[in-house]
Amino acid sequence: MTSQEKTKFRQTSKWKNFCKYLKAKRGLVCECCGVHTKRLSVHHMAEWDYKNLKEDRFALLCNRCHKDVSFLERIKKENRINYNSDWVAFYVRFIIDEK
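Here's a quick rundown of the structure. Here the residue numbering is sequential within each chain, running from 1 through the sequence in written order. Note on the predicted model: pLDDT of at least 70 is required for a residue's local features to be given, and 80 or more for side-chain atom pairs to be given and counted; whole-chain, interface and lining totals, by contrast, use all residues. Water and hydrogen atoms were dropped before computing side-chain values, which therefore reflect all heavy atoms in the structure.

The next thing to look at is the pattern of salt bridges. Any carboxyl oxygen of Asp or Glu within 4 Å of a side-chain nitrogen of Lys or Arg constitutes a salt bridge here. A full pass over the atoms with the stated rule returns four salt bridges. Lysine 25 is the salt-bridge partner of glutamate 55, the closest N and O atoms lying 2.8 Å from each other. Linking glutamate 55 in the loop between β1 (40–44) and β2 (58–62) with lysine 25 in helix α2 (residues 13–26), this pair joins segments that are 30 residues apart in sequence. The class of glutamate 55 is partly exposed, set by a relative accessible area of 25%. Aspartate 49 serves as the salt-bridge partner of arginine 57, at 3.5 Å between the closest nitrogen and oxygen. Owing to a relative accessible area of 17%, arginine 57 belongs among the buried residues under this scheme. Starting at the N terminus, helices and strands are each numbered in turn, a helix being any DSSP run of H or I of at least four residues and a strand any DSSP run of E of at least two. Each residue gets one of three labels from its accessible area relative to the maximum for its type: buried under 20%, exposed over 50%, partly exposed in between, using a 1.4 Å probe on protein chains only.

In structure tokens form, the structure reads like this:
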């Protein structure tokens, strides 16, 4: 799915309603670091399967954690060894790599 297609999908009522539902169900807490905030991103852990709205494929992340997870996501799995192992371990749990 292209970036443009993802942007278009995020504008649909299906996506917006899903985000509201997830935040109401799980609360306004970053599932990575535990910070309480209204500004949470609904992070899709399986970027390659973008329209699959299974709840277990999503995490609510604060801006900082979402930025770090998104950065790590762009690094090839085999190259993650070049980064601090504690940092990788902390964030990699929010990524489902393509099979």
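Right, let's get into the pairing of β1. Sheet faces and side chains relate simply in a regular strand, where the side chains alternate between the two faces. Where burial is concerned, most of β1 is hidden: five out of the five residues are buried. Residue alternation in β1 divides its side chains into two sets, Leu40, Val42 and His44 and Ser41 and His43, and both sets are buried. Strand pairing follows a simple DSSP-based rule, namely that at least 2 bridges must link the two strands. Two elements, β1 and β2, share five bridges in a ladder whose sense is antiparallel. Bridge pairing links serine 41 to leucine 61 in β2.

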